[in-house]
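Descriptive analysis of the structure
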Number of protein chains: 2
Amino acid sequence: MMAEWNAWTDDQLKTYNFPIHPLPICSVNDPQAEELIKEQKPVVIKGSELISTAQKWDLEYLREHIGDGEFTVYESDSESFKYYDDKKVIDGFTPPMKQRRMIFSEFYDAIKNKNRTKKYYLQQPLNDKVGPQIVVDFINFNWKWIKQQQMNNNWGPLTSNLLLISEEGNVTPCHYDEQENFYSQANGYKRVILFPPSQYKYLYPHPVYHPHDRQSQVDFDEPNLKLFPKFKKVVGFGTVLGPGDVLYLPSYWFHYFETLKNSGIATAITFWYKAAPVGNITYPLTAVQLMAMMRNTEKMILEALKDYKQVDIFWNMLAAGRYCKDVQDDTDDEDAGVGNDASVVAKLGDIGRCTGHGDEAKNV
Amino acid sequence: MMAEWNAWTDDQLKTYNFPIHPLPICSVNDPQAEELIKEQKPVVIKGSELISTAQKWDLEYLREHIGDGEFTVYESDSESFKYYDDKKVIDGFTPPMKQRRMIFSEFYDAIKNKNRTKKYYLQQPLNDKVGPQIVVDFINFNWKWIKQQQMNNNWGPLTSNLLLISEEGNVTPCHYDEQENFYSQANGYKRVILFPPSQYKYLYPHPVYHPHDRQSQVDFDEPNLKLFPKFKKVVGFGTVLGPGDVLYLPSYWFHYFETLKNSGIATAITFWYKAAPVGNITYPLTAVQLMAMMRNTEKMILEALKDYKQVDIFWNMLAAGRYCKDVQDDTDDEDAGVGNDASVVAKLGDIGRCTGHGDEAKNV
């Protein structure tokens, strides 16, 4: 444990001007950890040995053993890797990074290339194309411990293990996932900042139809407080994950990751589980239940209206000046509105006179 | 017809500073009228004789013939009679008028009382308690014509006939109804201003849970353009209804009524019909379809959250900074939020240290 004690220093962390409280850090046998997981509150667990057999997964080892399968590698001009769903299409959206498919040795060469201008982040679910040595390491993960957690907390099935190989300095912007996650650090150092679901309104996730669904609209490096004034109120929970650390990342908690500057490559593996079935509903609903309700409501209206532009108009009509403050926007063009009756205005105008009775009209 | 020609003058109308276009006015045989009704666009119909047997319904006649049944009479300290649904209850709501039950002679005496400070508006669905002479008049309404309209337009059943007896100067503030209406003037003069459903966003109806559901939040006499900036864009369609006039008032069209100043008593009868079934949905949806969708969505969330205060928070969370501009509101107290994890903050704070590993935390 004490190995990581001097493994990094504050100047390797990006600086943000919102408060960041420490995340609880517990040894695997600490009953406090169990309690937090049960309460769906995040905790860093030390000594679980969950993926100790992956701590040796450095680039050389992986290049030798991981096999010839293809891997999804994101290529970015900046340090930021903001996920987007390419099944969601909207006008004028340019993906902030490029999604490429590479065999591992191509990724290795890309990383080792001194003259490159791009940054890379490998994000690939582990599958049966990996080589036998990796399979052995995988089989020797501490399944006993994690299955016990799954059972204790009544979680659904394990859905995927994402292998994450990040360069130093890479940033995964703030977003939330809809599953429970044991985020396991194999090697290298990652700083994580979490935000509880109750801070949804400070983080302004994109609309559900948007390719950046589940991602905060706020750029942490240059927050636009005109558009996102409540971001001022955001309060994070942070820590730095080192080799062997496991973060319990509850579903719907917002999270942000940065691989420490000058810390080399960081390798991590996610363990995503379907959340436990919702028990008896009690009021008031939890922030997680509200987030799920908001997602479903947004999806329902998108399905009904088909066109995301109409969805924007619908929600604005429903909320502006009724549930939100309204702001005069003279760029707002009423003729853009769905179901707009500009036609009616014209029409009624045209026929303002019917046989023999028009004259009353002018009295009004 | 020409009788009403000089029956009133502009100085009997309240003045508003938004544009008001003339409503189309058609004689009953004008095919234009049929066309407008089919298109669910408003039109004033002359010569239908729909309630000519009610044109003699003045106070004396009614006092003599209408019977001893009780009538709903609204009593107001002002000229404004803003409807409220007393089944919808929210904190700190004071009804803007008093709902009373009177037999007709009590209403008559109230109206005739010279020293009174209150204003009165009788609004009572016609029922089987009325006297035989009124029944005869009712039977002799032009049912042939109106049933023809009902059939031509595939409307549902007639749901009610509201008898409206208004004093001069009474105002019914802007609202919409969910049924088709032939609004029939028996005697007296009423000025009406209509707004198409596409102007929903300029008129800001109260939330569905509010006692003033379906009513505009905007006070036409003193519009608060800080809260309701888009009211600037509102454009009305107006006319003055006189004896014998029938207004086709399409469902979901906003409407405002004023009984002309110094015009005495005005008596009108509504003919409310269930709207025609929605045919094949085509896109984009009409403003009416959107209004119905908004109502259903608001009702669904109210049912799920039970508490209207949570509904406010839910819609604000969903829309502010995502579908509406957000505005910093420092009075906004995050701890008022449903599912707020202020508790989490505390909790995680408390247990920021677990056995033997606390010290990593302070590095973040």
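Residues numbered from 1 in each chain as written. Chains lettered and ligands numbered in written order. Predicted model: local features only at pLDDT ≥ 70, side-chain atom pairs only at ≥ 80, totals over all residues. Heavy atoms only, no water.

The name given to chain A in an unreviewed UniProt entry is JmjC domain-containing protein, and the organism recorded there is Helobdella robusta.

Looking now at the nonpolar core. Of all hydrophobic cores here, the largest spans 77 residues; its most connected members are A:F220 and B:F220. Contact partners of A:F220, with chain neighbours within four places excluded, come to A:Y16, A:F18, A:C174, A:F195, A:L203, A:F231 and A:Y256. (Core = buried A, V, L, I, M, F, W, Y, C linked by side-chain atoms within 4.5 Å. Buried < 20%, exposed > 50% of the residue type's maximum accessible area, 1.4 Å probe, protein only. Contact = heavy atoms within 4.5 Å.)

All names here are of chain A. For G69, the position within the fold is in the loop between α2 (59–65) and β4 (70–76). By relative accessible area, which is 12% here, G69 ends up buried. Residue contacts for G69: discarding those within four places in its chain leaves M102, I103, F104 and K129. (Helix = DSSP H or I, 4+ residues; strand = E, 2+ residues; numbered from the N terminus.)

In this section: the sheet that holds strand β11 (residues 190–195) of chain B. All names here are of chain B. Overall, mixed pairing links the five strands, which are arranged β1-β12-β11-β14-β9 in an open sheet. Sheet topology places β1 (20–22) and β9 (171–175) at the edges, where each strand pairs with a single neighbour. Each adjacent strand pair in this sheet contributes to an overall mean axis angle of 25 degrees, direction not counted. Where β11 meets strand β14 (residues 254–259), six bridges bridge the pair, whose relative direction is antiparallel. Residue pairing in the sheet places R191 in a bridge with E258 of β14. (Pairing = 2+ DSSP bridges. Axes fitted to C-alpha atoms, helices over the stretch in contact; angles between N-to-C directions.)

Now for the packing of aromatic side chains. This model, assessed by the stated rule, comprises 67 aromatic pairs over all chains. Aromatic pair A:F81 and A:Y121: ring centres 5.5 Å apart, planes at 75 degrees, arrangement edge-to-face. Of this pair, A:F81 sits in the loop between β4 and β5 (98–103) while A:Y121 sits in strand β6 (residues 119–125), and the two are 40 residues apart along the sequence. Using a relative accessible area of 2% as the deciding quantity, one classes A:F81 as buried. The class for A:Y121 is buried, based on a relative accessible area of 2%. Members of the aromatic cluster, each reached through a chain of ring pairs, are A:Y16, A:F18, A:F195, A:F220, A:F231 and A:Y256. Over the ring of B:F257 we find B:K190, and its NZ or CZ is 5.8 Å from the ring centre. (Phe/Tyr/Trp six-rings, centres within 6.5 Å; stacked < 30°, edge-to-face > 60°. Lys NZ or Arg CZ within 6 Å of the ring centre and 35° of its normal.)

Now for the pattern of salt bridges. Oppositely charged side chains can form a pair if their charged atoms are brought close together. Scanning all chains against the criterion turns up 38 salt bridges over all chains. One salt bridge connects A:R116 with A:E167, and the closest N-O pair in it is separated by 2.5 Å. On the criterion of sequence distance, the pair formed by A:R116 in the loop between α3 (104–112) and β6 and A:E167 in the loop between β8 (162–166) and β9 (171–176) is long-range, its members being 51 residues apart. Since its relative accessible area comes to 24%, A:R116 is described here as partly exposed. A relative accessible area of 6% means that A:E167 is categorised as buried. Here B:R214 and B:D177 are joined by a salt bridge, their closest N and O atoms 3.0 Å apart. Here B:R214, found in the loop between α6 (200–203) and β12 (236–241), pairs with B:D177, found in the loop between β9 and β10 (180–187); they are 37 residues apart in sequence, far enough to count as distant. According to the relative accessible area criterion, B:R214 is buried, its value standing at 17%. One network of salt bridges, with partners in common, ties together A:K88, A:E178, A:D213 and A:R295. (Salt bridge = Lys/Arg side-chain N within 4 Å of Asp/Glu carboxyl O.)

Among the structural elements, B:L227 can be located in the loop between α6 and β12. Separated by 85 residues in the primary sequence, B:L227 and B:N142 have C-alpha atoms spaced 46 Å apart. Setting aside its immediate chain neighbours within four residues, B:L227 contacts A:G321, A:D326 and B:Y204.

We now examine the side chain of B:D326. Tracing the backbone through its elements, the reader meets B:D326 in the loop between α8 (308–319) and α9 (342–350). Of the polar contacts made by the side chain of B:D326, one reaches the side chain of A:K230; its length is 2.8 Å. Excluding residues within four positions of it along the chain, B:D326 makes contact with A:Y204, A:K226, A:L227, A:P229, A:K230, B:A320 and B:G321. (Polar contact = N/O pair within 3.5 Å; in protein donor to acceptor, adjacent residues only side chain to side chain.)

Moving on, we get to the state of the cysteines. Throughout the structure, instances matching the rule amount to zero disulfides over all chains. B:C324 supplies the cysteine sulfur nearest to A:C324, a cysteine that is in no disulfide, at a spacing of 3.8 Å. (Disulfide = S-S within 2.5 Å.)

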